[in-house]
Amino acid sequence: MTTQPWTRGRRIGVDVGSVRVGVAMCDPDGILASPVATLPRDQVTESDKVASDMSEILRLVAEHEVVEIVVGLPINLAGKEGPAAALIRQYADRLAELADPVPVLLTDERMSTAAATRRLSERGVRGRRQRAVIDQVAAVEILQRWLDARRAVRG
């Protein structure tokens, strides 16, 4: 899960929650992340089964010829990983097995849900309507921050 050299192509951003998984995608030039879907989180425990949320991510990867999958890693405000981060690492490792050769990268998702909530509230989206899209918007935040950071490095 190391950083790859920049290549043109779509990337998928993933915000993994215990109940839902938000998915975002960017354009082939890596400029703008957009919301794609909110998937119910499938907590399969059998190692030989593929969770339905992962199957849908893999379908999107194939359909859109995605070159990288960016998964948000929950880091606390002190910059440390807690129990939630360990669970996300497991999710990302399994997704990486299934998506191979498409790399799965982890990125700090600190404050992404808070930023997504703020954006939706500013637009007057609240309550049930907000819960329906918050995971997608958080995935957009994760992917857009990652794209902006990559763009800054590559010039």
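The rules we used
- Just so you know, the residues in each chain are numbered from 1, in the order the chain's sequence is written.
- This being a predicted model, a pLDDT of at least 70 is required before a residue's local features are given, and a value of 80 or more before pairs of side-chain atoms are given or counted; all residues contribute to the totals for chains, interfaces and linings.
- Excluded from the side-chain calculation are hydrogens and water; included are all heavy atoms of the structure.
- Elements are defined by DSSP. Helices are runs of H or I of four residues or more, strands are runs of E of two residues or more, and each kind is numbered from the N terminus.
- Only protein chains enter the accessibility calculation, which uses a 1.4 Å probe; a residue is then buried when its area is under 20% of its type maximum, exposed when over 50%, and partly exposed in between.
- The contact criterion used is simple: two residues touch if any of their non-hydrogen atoms lie within 4.5 Å.
- In these tables, accessible area is a Shrake-Rupley quantity obtained with a 1.4 Å probe, and a residue counts as shielded only by the protein chains included in the view.
- We call a set of buried Ala, Val, Leu, Ile, Met, Phe, Trp, Tyr and Cys residues a nonpolar core when their side-chain atoms join them within 4.5 Å.
- Just to be clear on terms, a salt bridge is a Lys or Arg side-chain nitrogen sitting within 4 Å of an Asp or Glu carboxyl oxygen.
- Summary of the metric used: pLDDT quantifies the predictor's per-residue confidence within the range 0 to 100.
- At least two bridges found by DSSP between two strands are what make those strands a pair.
- Note on handedness: a clockwise path from strand one over the helix to strand two, with the strands aimed away from the viewer, defines a right-handed crossover.
- Here the axes come from fitting lines to C-alpha atoms, over the contacting stretch only for helices, and the angles between their N-to-C directions go from 0 to 180 degrees.

Draft legend 1. View of the overall build of the protein chain. On a plain count of helices and strands, the protein chain comes out with 4 helices and 5 strands. Ordered by position from N to C terminus, the α and β elements of the protein chain give β-β-β-α-β-α-β-α-α. Out of the 155 residues in the protein chain, the part that is buried amounts to 41%. Within the protein chain, residue pairs in contact and separated by at least 24 positions form 65% of the contacts whose partners lie at least 6 positions apart. Surface summary for the protein chain: the accessible area is close to 8400 Å², and the carbon and sulfur share equals 53%.

Draft legend 2. Seen up close, the nonpolar core. Within the largest apolar cluster, 26 residues are counted, with the highest numbers of intra-cluster contacts made by Ile12, Val14, Val21, Ile57, Ile69, Val71 and Leu95. Of all elements in the fold, only β1 (11–16), β2 (20–26), β3 (33–40), α1 (52–63), β4 (68–73) and α2 (83–99) reach the threshold of two or more residues within this core. Here the element with the most residues in this core is α2; it accounts for 6 residues. Residues contacting valine 14, with those up to four places away along its chain left out, are Val21, Gly22, Ile57, Ile69, Val70, Val71, Gly72 and Ile142. In this structure, Cys26, Val70, Leu105 and Leu143 belong to the second largest nonpolar core, which totals 11 residues.

Draft legend 3. A look at the pattern of salt bridges. One pass over the full model with this rule turns up 9 salt bridges. When the shortest N-O distance is used, the salt bridge between arginine 145 and glutamate 141 registers 3.7 Å. Pair noted here: arginine 145 and glutamate 141 are both in helix α4 (residues 127–154), with a separation of 4 residues, about one helical turn. According to the relative accessible area criterion, arginine 145 is partly exposed, its value standing at 33%. On the accessibility criterion, glutamate 141 (8% relative accessible area) is buried. Connected through salt bridges with shared partners, the residues Glu56, Arg59 and Glu63 form a single ionic network.

Draft legend 4. Highlighting the environment of isoleucine 31. Tracing the sequence through the fold places isoleucine 31 in the loop between β2 and β3. Between the C-alpha atoms of isoleucine 31 and arginine 151, which are 120 residues apart in sequence, the distance is 8.5 Å. Apart from the residues within four sequence positions on either side, isoleucine 31 is in contact with Gln144 and Arg151.

Draft legend 5. Structural view of the confidence of the model for the protein chain. Residues with a pLDDT of 70 or more make up 87% of the protein chain, whose mean pLDDT is 87. No element of the protein chain has a lower mean pLDDT than helix α3 (residues 112–122), at 70, and none a higher one than α1, at 98.

Draft legend 6. Structural context of the pairing of strand β5 (residues 104–108). Bridge count between β4 and β5: 5 bridges; the pairing is parallel. Following the sheet pairing, glycine 72 is matched in β5 by threonine 107. You can see the chain leave β4, run along α2 and come back into β5, and the turn it takes is right-handed.

Draft legend 7. Fine view of the sheet that holds β4. Taken together, 5 strands build an open sheet; the order of strands is β3-β2-β1-β4-β5 and the sheet is mixed. Strands at the two margins of the open sheet, each flanked by one partner only, are β3 and β5. Shown here is a sheet whose adjacent strand axes are inclined to one another by a mean of 25 degrees, direction ignored. Here β1 runs beside β2; their pairing, made up of 5 bridges, is antiparallel. If you follow isoleucine 12 over to β2, its bridge partner there is methionine 25. The sheet contacts of α1 involve β1, β2, β3 and β4, and relative to β3 the element is tilted by about 150 degrees.

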